[in-house]
2 protein chains.
Amino acid sequence: MNPAKITVLAPGLIGGSVALAATRAFPKAKITIWTRRAESLPSIQATLPHAEAGTDLSLVSGSDLVVLGAPPSALGTLTLSLLPFLSSTTLVTDVSSIKESVEKSVASILQGKARWIGSHPMAGSEESGIRAARPDLFQKAPVILTPTSSTTAETLRDATSFWQALGGRVLSMTPADHDQQVARISHLPHFIATTLVLAAGSDSLSLAGSGYRDTTRVAAGPSSLWAEILIGNQSQVLASLKNFRTSLESLTSALEKGEAGALTKILDDAAKIRRTLPTS
Amino acid sequence: MNPAKITVLAPGLIGGSVALAATRAFPKAKITIWTRRAESLPSIQATLPHAEAGTDLSLVSGSDLVVLGAPPSALGTLTLSLLPFLSSTTLVTDVSSIKESVEKSVASILQGKARWIGSHPMAGSEESGIRAARPDLFQKAPVILTPTSSTTAETLRDATSFWQALGGRVLSMTPADHDQQVARISHLPHFIATTLVLAAGSDSLSLAGSGYRDTTRVAAGPSSLWAEILIGNQSQVLASLKNFRTSLESLTSALEKGEAGALTKILDDAAKIRRTLPTS
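Since this is a predicted model, take the numbers as computed values, not measurements.

Before going further, it helps to spend a moment on the environment of A:Gln181. Mapping A:Gln181 onto the fold places it in helix H6 (residues 175-200). Residues A:Gln181 and A:Glu103, 78 residues apart in the sequence, show an inter-C-alpha distance of 16 Å. Ignoring anything within four residues of it in the chain, the contact list for A:Gln181 reads A:Met173, B:Asp203, B:Ser204 and B:Leu207.

Quick look at the structure:
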């Protein structure tokens, strides 16, 4: 797709990075930013000096593409208030880390009013807010689209081409499959990194090397957003935690027995899986 | 200290990086490398073209500083075979991740024969072997020295000045304190990163973003060395795992109850601890 007008609503790190990356990918497009809070306008204008930014939702009018940057719990209300400014050809998507609940709250509102598809760019950092936004955030990042039986092939194609233009590696799956797989590969790591920080405590932080630093990096992320994500994907995160506890028992048991061979074998199984991951 | 001859024995990633960093820090010093295996000589010579490398322990003769790069389990035997080539002024140290057991196996052998102090540079990566060595590996890295009641002030001062010259941030503590604190800040994170890789499995790796990538990076490390480290510090690692399980129960319980406020509070406690860590 080659959008003439792109609007990003409530941009934080991800929405801001979408706007920055889109400015590069679509140099002729008009980029518009909406924020609920007037006090956010200075940092939006500092990050995106060429965008039009404001607090009035009528800014959305005439957009070919609308990207919802708000947290999952805010998307239903925000989408409702957008309706007067959408047309049936407007492509609307989001950037949330959970998809089933977002699909439930957004899809029915937009049915027949706009072209909706959920997106989850698997990119980010422990930072938050638009000042942490980066135009290259989506380079080679997995971007998961979650079409349903109501999604047309054209909508899926347009959303795919948009994220590819931003540098993403696009995959698509159902919202339910998304939530199950992302629980394992993103929500569980966040949960465990947090647990690790609490267990290691603060007394030995002066000894922390790159191992601790990397293993726990995500735990510095925004707490209330992550609480919303974890609770929003509660059953799948709890299921992945069950797997985690099973693996923890088996590793702990090998360590308790002091069996070097058995422990090496388990460490090696994990190392083999981890080494299949292409280096960024 | 300003050593005229530095010998590194059995260099892998860490020992090789010591040799590279020492080449820069002490441009007039002679750097000598000993390896048990002749087949390692080509990669040693490729990494350290200006060093003298060989398989004969007599290479060690006349060294002001000897750095033992071998794994902890090999240090006792290696140290014994070194004795003919040491003098009472030679400073001998190691780079192992565990200190109490190394102290037991090495200190008594060197008593009166050389100046011994244990070192643990908290640097590394998931890579291993001398080809992964880097001259800047110790820049700003914590380096823990583990003096005991037998260590002279001069030995501690010389070891401190050596590691500082390589860029390290030197701390000192007893071997027992080292093993307790490093269990929390390094061995536990390795153990948990491994568990996480096994629990997340390999089916969803194509979705892995920077969160999974960083959280699990260390799990790609050398398995047999890590089995040796974890078993060598078994009681302290098991104690830190007990703390981990307590934190895991409390976080899991907040998630099960779906209490956003309680979960946010716990995530925020961890985020606050993690944010106190200076950025690299």
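Another point: the relation of the copies chain B and chain A. Taken together, a rotation about one axis and a shift along it account for how the two chain copies relate. Turning chain B through 180° and shifting it by 0.0 Å along the axis lays it on chain A, with an RMSD of 0.0 Å. The transformation relating the two chain copies, once decomposed into turn and shift, fits a two-fold axis. Among all C-alpha atoms of chain B, that of B:Thr215 lies closest to the rotation axis, at 1.9 Å. When the interface residues of chain B are mapped onto chain A, 100% of them are again interface residues, pointing to one common binding face.

With that out of the way, let us pick up the sheet that holds strand S5 (residues 91-94) of chain B. Residue and element names in this part refer to chain B. Ordered in space as S3-S2-S1-S4-S5-S6, the 6 strands form an open sheet in which the pairing is parallel. In the strand order of this sheet, the two ends are held by strand S3 (52-54) and strand S6 (115-116), each with one partner. Across 4 bridges, the pairing between strand S4 (residues 65-68) and S5 is parallel. Bridged to Val-66 within S5 is Val-92. Sheet strands touched by helix H3 (residues 75-82): strand S1 (5-9), strand S2 (30-34), S4 and S5. Its angle to S4, the strand with the most contacts, is close to 155°.

What follows concerns the side chain of B:Gln181. Look at B:Gln181 and you get buried, because its relative accessible area is 18%. For B:Gln181, the side chain forms a polar contact with the side chain of A:Ser204, separated by 2.7 Å. Contact partners of B:Gln181, with chain neighbours within four places excluded, come to A:Asp203, A:Ser204, A:Leu207 and B:Met173.

This part covers the environment of A:Lys104. Within the secondary structure, A:Lys104 sits in helix H4 (residues 100-110). Taking C-alpha positions, A:Lys104 is 26 Å from A:Ala141, a pair spaced 37 residues apart along the chain.

Moving on, we get to the interface of chain B and chain A. Interfaces are frequently sized by the accessible area removed from exposure as the parts join. The partner chain A presents 86 residues to the 86 residues of chain B that form the contact. Together, B:Ile185, B:Leu207 and B:Arg274 form the three largest contributors to the area buried by chain B at its contact with chain A, with a combined 10%. Applying the counting rule to chain B against chain A returns 2 salt bridges. Between A:Arg217 and B:Asp214 there is a salt bridge whose closest N-O contact spans 2.6 Å. Here chain B and chain A share 26 residue pairs in polar contact (both at pLDDT 80 or more) between them. Breaking the side of chain B that touches chain A down by element, the ones donating at least two residues are strand S8 (142-146), strand S9 (169-172), helix H6 (175-200), helix H7 (210-216), helix H8 (223-232), helix H9 (234-257) and helix H10 (260-275) of chain B.

Residues and elements named next belong to chain B. The buried fraction of S2 is high, at 4 of 5 residues. Two strands pair when backbone bridges link them, and S1 and S2 are joined in this way by 5 bridges, in the parallel orientation. Its bridge partner being in S2, Val-8 is matched across the sheet by Ile-33. One crossover worth recording links S1 to the parallel S2 by way of helix H1 (residues 13-25), and it is right-handed. As paired strands, S2 and S3 are joined by 3 bridges and run parallel to one another. When the bridges of S3 are listed, Ile-33 appears paired with Ala-53. Each parallel crossover has a hand, and for S2 linked through helix H2 (residues 41-47) to S3 it is right-handed.

Below, the discussion takes up the nonpolar core. Grouped together as the largest cluster of nonpolar side chains are 42 residues, with contacts concentrated most on A:Ile192, A:Phe244, B:Ile192 and B:Phe244. Sorting the residues of this core by element identifies H6, helix H8 (223-232), helix H9 (234-257) and helix H10 (260-275) of chain A together with H6, H8, H9 and H10 of chain B as the ones contributing at least two each. What B:Phe244 contacts, discounting residues up to four positions off in sequence, is A:Ile192, A:Thr195, A:Leu196, A:Ala199, A:Phe244, A:Leu248, B:Leu188 and B:Ile192.

Residues and elements named next belong to chain A. With domains assigned, chain A is organised as domain 1 (5-173) and domain 2 (178-275). If you average the C-alpha positions of domain 1 and of domain 2, the two centres end up 30 Å apart. Facing 16 residues of domain 1, the contacting portion of domain 2 comprises 17 residues. Across the domain 1 to domain 2 interface the summed buried area is about 1200 Å²; carbon plus sulfur atoms make up 65%. When the shortest N-O distance is used, the salt bridge between Glu-126 and Arg-217 registers 2.9 Å. Our enumeration of links across domain 1 and domain 2 arrives at 6 residue pairs in polar contact (both at pLDDT 80 or more). Elements with a minimum of two residues in the side of domain 1 that touches domain 2: H4 and strand S8 (142-146). When grouped by side-chain class, the residues that make up the side of domain 1 that touches domain 2 number 6 nonpolar, 7 polar and 3 charged.

According to the stated counting rule, one finds 20 salt bridges over all chains in the structure shown. B:Arg115 is paired through a salt bridge with B:Glu154; the nearest N and O atoms lie 3.8 Å apart. Here the residue B:Arg115 occupies a position in strand S6, and B:Glu154 occupies one in helix H5 (residues 153-165), the gap between them amounting to 39 residues. Of the residues examined, B:Arg115 reaches a relative accessible area of 15% and is grouped as buried. You can call B:Glu154 partly exposed: its relative accessible area is 41%. Through salt bridges that share partners, A:Arg115, A:Glu154 and A:Asp158 make up one connected network.

A few words now on the environment of A:Leu68. All names here are of chain A. On the secondary structure map, Leu-68 appears in strand S4 (residues 65-68). Looking at Leu-68, the relative accessible area reads 0%, which means it is buried. Taking the C-alpha atoms as reference points, Leu-68 and Ser-172, separated by 104 residues in sequence, lie 19 Å from one another. Setting aside residues up to four positions removed in sequence, Leu-68 forms contacts with Leu-9, Leu-75, Leu-78, Thr-79, Leu-82, Val-92, Thr-93, Asp-94, Val-95 and Trp-116.

The next subject is helix H5 (residues 153-165) of chain A. Residues and elements named next belong to chain A. Between its first and last C-alpha, H5 extends 18 Å over 13 residues, near the 18 Å set by a 1.5 Å rise per residue. Taken together, the buried positions of H5 are occupied by Thr-155, Asp-158, Ala-159, Thr-160, Phe-162 and Trp-163. After H5 finishes, the residue Gly-167 shows a positive phi value of roughly 105°.

Glancing now at the packing of aromatic side chains. Note on aromatic pairs: each is described by the distance of the centres and the angle between the planes. In the structure shown here, the tally under the stated rule is 7 aromatic pairs over all chains. Between A:Phe138 and A:Trp163, the ring centres sit 5.5 Å apart and the planes meet at 75°, which makes this aromatic pair edge-to-face. Placement of A:Phe138 in the loop between strand S7 (118-121) and S8 and of A:Trp163 in helix H5 is noted, with a sequence separation of 25 residues between them. Each member of the pair, A:Phe138 together with A:Trp163, is buried. Residues A:Phe244 and B:Phe244 carry aromatic rings whose centres are separated by 6.1 Å and whose planes lie at 45° to one another, so their mutual orientation is tilted. Residue A:Phe244 is found in helix H9, and its partner B:Phe244 is found in helix H9; the two belong to separate chains. An identical accessibility class is assigned to A:Phe244 and B:Phe244; each is buried.

So, how was this worked out
Residues numbered from 1 in each chain as written. Chains lettered and ligands numbered in written order. Predicted model: local features only at pLDDT ≥ 70, side-chain atom pairs only at ≥ 80, totals over all residues. Heavy atoms only, no water. Helix = DSSP H or I, 4+ residues; strand = E, 2+ residues; numbered from the N terminus. Contact = heavy atoms within 4.5 Å. Least-squares fit on C-alpha atoms with pLDDT ≥ 70 in both. Pairing = 2+ DSSP bridges. Axes fitted to C-alpha atoms, helices over the stretch in contact; angles between N-to-C directions. Buried < 20%, exposed > 50% of the residue type's maximum accessible area, 1.4 Å probe, protein only. Polar contact = N/O pair within 3.5 Å; in protein donor to acceptor, adjacent residues only side chain to side chain. Buried area = accessible area lost by both parts, 1.4 Å probe. Salt bridge = Lys/Arg side-chain N within 4 Å of Asp/Glu carboxyl O. Right-handed = clockwise from strand over helix to strand, strands pointing away. Core = buried A, V, L, I, M, F, W, Y, C linked by side-chain atoms within 4.5 Å. Domains from an automatic or database assignment. Nonpolar A, V, L, I, M, F, W, Y, C, P; charged D, E, K, R; others polar. Expected span 1.5 Å × (residues − 1). Phe/Tyr/Trp six-rings, centres within 6.5 Å; stacked < 30°, edge-to-face > 60°.

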